[in-house]
Amino acid sequence: QVQFVESGGGLVQPGGSLQLSCTVSRSAIFLLGWYRQAPGKEREVVATISTYDATNYGDSVKGRFTISRDHAKNTVTLQMNNLKSEDTAVYYCVGIDGWFRPPDYWGQGTQVTVSS
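Bear in mind that the values here come from a model prediction, so they are computed numbers and not experimental data.

(A) Fine view of the overall build of the chain. Secondary structure summary: the chain contains zero helices and eleven strands in total. Listing each helix as α and each strand as β along the chain from the N terminus yields β-β-β-β-β-β-β-β-β-β-β. Classification of the 116 residues of the chain by burial places 43% in the buried group. Relative to all contacts within the chain whose residues are 6 or more apart in sequence, the contacts with residues 24 or more apart total 52%. Counting only carbon and sulfur atoms, one obtains 47% of the accessible surface of the chain, whose full area is about 6,400 Å².

Next comes the structure, spelled out in structure tokens:
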């Protein structure tokens with residue numbers, strides 16, 4: 001079983017920063033990334049990063065979030081800066097084995113709340 005374990009969620013004020021981390025039990029997964037789901041909204045892609053370290057970001061987080069992966073440690077991180085209230089959601093670490101397909105692997109999720 002491939003396991004994804006997230007950490008780093010919490011409560012932050014608007015304009016603050018938070019870093020999420022995910023440890024993956026298997027190496028060389030084509031895409032690692034983060035999805036999120038807020039109340040009343042569908043799950044959406046936040047960011048992905050390939051085995052070649054090519055990155056892609058959802059429009060709502062471009063310029064504020066940075067995704068990276070450590071190939072030796074099998075970890076993926078999401079640095080979130082200038083957080084906004086609309087970033088409040090459960091964030092899921094995901095793995096994807098190919099193009100144009102939903103995630104093949106999901107973590108349990110970690111809550112991020114942005115509020116004053």
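Picking up where we left off.
(B) View of the packing of aromatic side chains. Overall, the coordinates contain four aromatic pairs when judged by the stated rule. Where Phe-4 meets Tyr-105, the ring centres are 5.8 Å apart and the plane angle is 15°; that geometry is what we call stacked. Highlighted residues: Phe-4 in strand 1 (residues 4–7) and Tyr-105 in strand 10 (residues 105–106), separated in sequence by 101 residues. Note on Tyr-92 and Trp-106: the rings are 5.7 Å apart at their centroids and 80° apart in plane angle, and the pair reads as edge-to-face. One end of the pair, Tyr-92, is in strand 9 (residues 89–96); the other, Trp-106, is in strand 10, and 14 residues separate them in sequence. On the basis of relative accessibility, which here comes to 18%, the residue Tyr-92 falls in the buried class. Relative accessible area serves as the criterion here: at 32%, Trp-106 is assigned to the partly exposed category. By way of ring pairs, the aromatic residues Tyr-35, Tyr-92 and Trp-106 are connected into one cluster. Above the plane of the ring of Trp-106 lies Arg-43, whose end atom (NZ or CZ) is 4.7 Å from the centre.

(C) Quick peek at the side chain of Arg-64. Mapped onto the fold, Arg-64 is located in the loop between strand 6 (55–57) and strand 7 (65–70). Among the polar contacts made by the side chain of Arg-64, one reaches the main-chain carbonyl oxygen of Asn-82 at a distance of 3.0 Å. Those residues in contact with Arg-64, other than ones at most four positions away along the chain, are Gln-79, Met-80, Asn-81, Asn-82, Leu-83, Lys-84 and Asp-87.

Cut-off values and rules
- Residues numbered from 1 in each chain as written.
- Predicted model: local features only at pLDDT ≥ 70, side-chain atom pairs only at ≥ 80, totals over all residues.
- Heavy atoms only, no water.
- Helix = DSSP H or I, 4+ residues; strand = E, 2+ residues; numbered from the N terminus.
- Buried < 20%, exposed > 50% of the residue type's maximum accessible area, 1.4 Å probe, protein only.
- Contact = heavy atoms within 4.5 Å.
- Areas by Shrake-Rupley, 256 points an atom, 1.4 Å probe, with all protein chains shown as cover.
- Phe/Tyr/Trp six-rings, centres within 6.5 Å; stacked < 30°, edge-to-face > 60°.
- Lys NZ or Arg CZ within 6 Å of the ring centre and 35° of its normal.
- Polar contact = N/O pair within 3.5 Å; in protein donor to acceptor, adjacent residues only side chain to side chain.

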